[in-house]
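Chain residues, written in single-letter form:
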Amino acid sequence: MKEFLLVALGALVFVVIFQIAKASEYVSVLKGEEKTRRQNNKINAFLLLGMLIFGLIGAWYCNELYYGKTLFPQGSSSEEGKNIDLMFMITTGVTGLVFVLTQVALFWFCFKYQEKDNTKAYYFAHSTRLELIWTTIPAITLCVLVAFGLKFWFKITGDAPKDAIVVEVTGHQFGWEFRYPGADKVLGKKDFKLTKGSNSLGVDFNDEASHDDIHVSQTMHIPVGVPVKLVINAQDVIHDVGLPHFRLKMDAVPGIPTTEWFTPLYTTAQMKEKTHNPDFTYEISCDQMCGKGHFSMRGIIIVETMAEYQAWLAQQKPEMWTVRPETAPKVETKAAADTVAKPATPTAAAPVATPPVAAVMAGKK
């Protein structure tokens, strides 16, 4: 109710100001102040020309000031992202050129064709040729841009290469969970009814494919130079997997898995050198407003060499061992293993006395 009243009050203020302005204009005409009106019109024409000049200068200055603080100077960190950057630059170039030309024409015409004595505006109601020009050219241009966009979109959302590493990404308020297939290269089934306790992803451990699956939180490890396929899910509301450095994003929708794939070009260590930032990290962000904790929904992506990735993967334990501890292999301690492997033998610290030595010791007593 409060918001509605504020909107209504704003609309009322606008109407009042508009009516006052119109009334003032009518009063000036009735008083014979036509000369004053024409002078104001001339001033407005010069102000519009000034807005054009200073507006274009301001746009150029902002670009010079802030472009270096964006991710574009770093370039895309994925092979597929290069095409996205190219498409973005082409789109920006085309639309930017159109914007500059139309704004220059708009403000220049406002100045050039301002009201003047003994000048009558030329009016025409229809021009088929002009309508064809301003309809056909933009339509063809936009169709070409859309075609390029669809081509790149179908590529990253289509079938990933056969050697791609699969990582399941699950979003929830307000964090990310990652699951890797084990040696069988197959992710086990999930059932939302099983989501409880330590089984936060609802993995069905009756499925043998899930027995070697690995589950980690907030930090994703992937190798450089190898295609990575993301299988994306959400547990509560709609989230969005945002990978700004790789120029990718994909919605995470409850009950509807989505996929995308990309090929990392640089390790995290290489990007630290490239950006001269020792604290550089790849991140996975939520690009869809998902609640009051949306701002904190951030994960880390570590891109490393294949050897480093395999070493990290070898250190991980299957999730089933955590959810069902009884399935974890029982490892004997080293001391116990040594005892079983070797029979007890006399040690140097406690030598066995020979009979003669024992007799001597008895005599001394």
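Values in this document were obtained by computation on a predicted structure and should not be read as measured data.

Novice: Looking at this model, I keep getting lost on the packing of helix H3 (residues 79-112) against helix H4 (residues 128-157). Mind explaining?
Specialist: Between H3 and H4, the shortest axis-to-axis distance is 10 Å and the interhelical angle comes to 165°. What the angle tells us is that H3 and H4 run roughly antiparallel. In the packing of H3 onto H4, the handedness of the crossing is left-handed. Across the interface between the two elements, Glu80, Asn83, Ile84, Met87, Ile90, Thr91 and Val94 from H3 touch Thr141, Leu145, Phe148, Gly149, Phe152, Lys155 and Ile156 from H4. Partitioned by chemical class, the residues of the contact of H3 with H4 number 8 nonpolar, 4 polar and 2 charged.

Novice: Mind showing me how you'd approach the sheet that holds strand E1 (residues 165-172) here?
Specialist: Sheet strands pair by backbone hydrogen bonding; their relative direction is either parallel or antiparallel. One open sheet holds the 5 strands; their spatial order is E3-E2-E1-E5-E8, and the pairing between them is mixed. At either end of the open sheet lies a strand with only one pairing partner, and these are strand E3 (214-217) and strand E8 (258-262). Averaged over all adjacent pairs, the angle separating strand axes in this sheet is 25°, with direction ignored. In terms of strand pairing, E1 meets strand E2 (residues 175-180) through 5 bridges, oriented antiparallel. Residue pairing for E2: valine 169 is matched across the bridge by phenylalanine 178.

Novice: I would appreciate a short explanation of a nonpolar patch on the surface in the present structure.
Specialist: Together, Ile53, Phe54, Ile57, Trp60, Tyr61, Leu65 and Tyr66 give the surface a local cluster of nonpolar side chains, amounting to about 810 Å² of exposed area. By secondary structure assignment, the location of tryptophan 60 is in helix H2 (residues 34-66).

Conventions adopted
- Residues numbered from 1 in each chain as written.
- Predicted model: local features only at pLDDT ≥ 70, side-chain atom pairs only at ≥ 80, totals over all residues.
- Heavy atoms only, no water.
- Axes fitted to C-alpha atoms, helices over the stretch in contact; angles between N-to-C directions.
- Helix = DSSP H or I, 4+ residues; strand = E, 2+ residues; numbered from the N terminus.
- Parallel < 35°, antiparallel > 145°, perpendicular 65-115°, else oblique.
- Left-handed = near helix turned anticlockwise from the far one by under 90°.
- Contact = heavy atoms within 4.5 Å.
- Nonpolar A, V, L, I, M, F, W, Y, C, P; charged D, E, K, R; others polar.
- Pairing = 2+ DSSP bridges.
- Patch = residues over 30% accessible without salt bridge, like charges linked within 9 Å, V, L, I, M, F, W, Y side chains within 5 Å.
- Areas by Shrake-Rupley, 256 points an atom, 1.4 Å probe, with all protein chains shown as cover.
- Salt bridge = Lys/Arg side-chain N within 4 Å of Asp/Glu carboxyl O.

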